[in-house]
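# Analysis of the macromolecular model
Given next are the chains, with one letter for each unit.
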Amino acid sequence: MSGAAAAESNGSGSGARRGNAGRASAAGDTRTKLLTGALATLTEQGIAKTSARSIAATAGVNQALVFYHFGTVDDLLAAACRYGAEQRLATYRERLDGVRSLGELLAVARELNASERAGGHVAVLGQLLAGGQTQPRLAAATAAGLTLWTDEIERVLARVLAGTPLAEFVDVTGLAKAASAAFVGLELYEGVDPSGAERALASLDQLAALAAALEGLGPVAQRAVRSRLRRSGHRGRA
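### Some thoughts on the overall build of the protein chain
The helix and strand tally for the protein chain stands at 10 helices and 0 strands. In sequence order, the protein chain lays out its α and β elements as α-α-α-α-α-α-α-α-α-α. Among the 238 residues that make up the protein chain, the fraction classed as buried is 33%. For the protein chain, contacts bridging at least 24 residues in sequence account for 65% of all contacts bridging at least 6. When the accessible area of the protein chain is evaluated, it comes to approximately 13,200 Å², of which 57% is carbon and sulfur surface.

Following this line, the structure appears as structure tokens:
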């Protein structure tokens, strides 16, 4: 009898563990549905119409689950912003790891821009930026999502500029932030003036070509460029 009781107890424990794992998996699935539902709602209905009800309807779950898993709609949108950035960055990380020049970085940026616009992500970003003007928590979350991209760009820039005449004169962190801000602006600007955005991108290509030309200079010419930049007082921040 005691052996049977022990076996039943062990079986019951295993069942409880399986039940807990199943509930955890279901909770994770629900959170993911809410995160993707929040992003889809922003794209399709805009920030003004994004609510617990509309997000839950898009996600196909009960409205109460928004508050159960995230506490508030703002907190859900904050988590969705970071989730979306992480998902898209993961798609491009291998490409970014292979970048060896500013020209290659711009080529990836062009591809990313086209993909983001086609996938509706630019529309989401526009809505988050608009909402962040009046909602501090949403502003912080949007900035955190953009920081994921900025950090990745900074890592690439540090690698491609290393050993070039520009390396000691460029504030790589500041340049990464400027590049992120520029592409956010271009993505939004393209929606109202596609030809203007294309000309802006073309001008960046020209700057990349100039940087490549500087990198291709011989040692004597590179020393002359460094000397001239030093005399001009241009030096990157540590």
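### So, the nonpolar core
L34, I55, L76 and L77 are the most contacted members of the largest nonpolar core, which totals 21 residues. The set of elements that each furnish at least two residues to this core consists of α1 (2–45), α2 (52–59), α3 (64–70), α4 (73–97) and α6 (121–132). Take this core: its biggest share by element is 6 residues, from α4. Ignoring any residue separated from it by four or fewer positions in sequence, one finds I55 in contact with L34, G37, A38, T41, T50, V73, L76 and L77.

### A closer look at the pattern of salt bridges
The full count for this structure, using the stated rule, is 7 salt bridges. Linking E116 and R88 is a salt bridge whose minimum nitrogen-to-oxygen distance equals 2.7 Å. Taken as a pair, E116 in helix α5 (residues 102–118) and R88 in helix α4 lie far apart in primary sequence, 28 residues in all. Its relative accessible area of 6% is what places E116 among the buried residues. As a salt-bridge pair, E198 and R110 come within 3.2 Å of each other at their nearest N and O atoms.

### Concerning the environment of E104
For E104, the position within the fold is in helix α5. Measuring from C-alpha to C-alpha, the distance between E104 and A208 comes to 9.0 Å, with 104 residues separating the pair along the chain. Each residue touching E104, except ones within four places of it in the same chain, is listed here: G98 and V99. Polar contacts involving the side chain of E104 include one to the main-chain amide nitrogen of R100, which spans 2.7 Å.

### Description of the packing of helix α7 (residues 136–161) against helix α8 (residues 172–190)
For any two helices packed against each other, one specifies the crossing angle of their axes together with the interaxial distance. Viewed as axis vectors pointing N to C, α7 and α8 meet at an angle of 125°, and their least axial separation amounts to 8 Å. In terms of their interaxial angle, α7 and α8 are classed as oblique. α7 and α8 meet at a crossing whose hand is right-handed. For the pair formed by α7 and α8, the contact residues are L146, W149, T150, I153, E154, L157, A158 and L161 on the first element and V172, T173, L175, A176, K177, A179, S180 and V184 on the second. Taken together, the residues that form the contact of α7 with α8 break down as 11 nonpolar, 3 polar and 2 charged.

About the criteria used
Residues numbered from 1 in each chain as written. Predicted model: local features only at pLDDT ≥ 70, side-chain atom pairs only at ≥ 80, totals over all residues. Heavy atoms only, no water. Helix = DSSP H or I, 4+ residues; strand = E, 2+ residues; numbered from the N terminus. Buried < 20%, exposed > 50% of the residue type's maximum accessible area, 1.4 Å probe, protein only. Contact = heavy atoms within 4.5 Å. Areas by Shrake-Rupley, 256 points an atom, 1.4 Å probe, with all protein chains shown as cover. Core = buried A, V, L, I, M, F, W, Y, C linked by side-chain atoms within 4.5 Å. Salt bridge = Lys/Arg side-chain N within 4 Å of Asp/Glu carboxyl O. Polar contact = N/O pair within 3.5 Å; in protein donor to acceptor, adjacent residues only side chain to side chain. Axes fitted to C-alpha atoms, helices over the stretch in contact; angles between N-to-C directions. Parallel < 35°, antiparallel > 145°, perpendicular 65-115°, else oblique. Left-handed = near helix turned anticlockwise from the far one by under 90°. Nonpolar A, V, L, I, M, F, W, Y, C, P; charged D, E, K, R; others polar.

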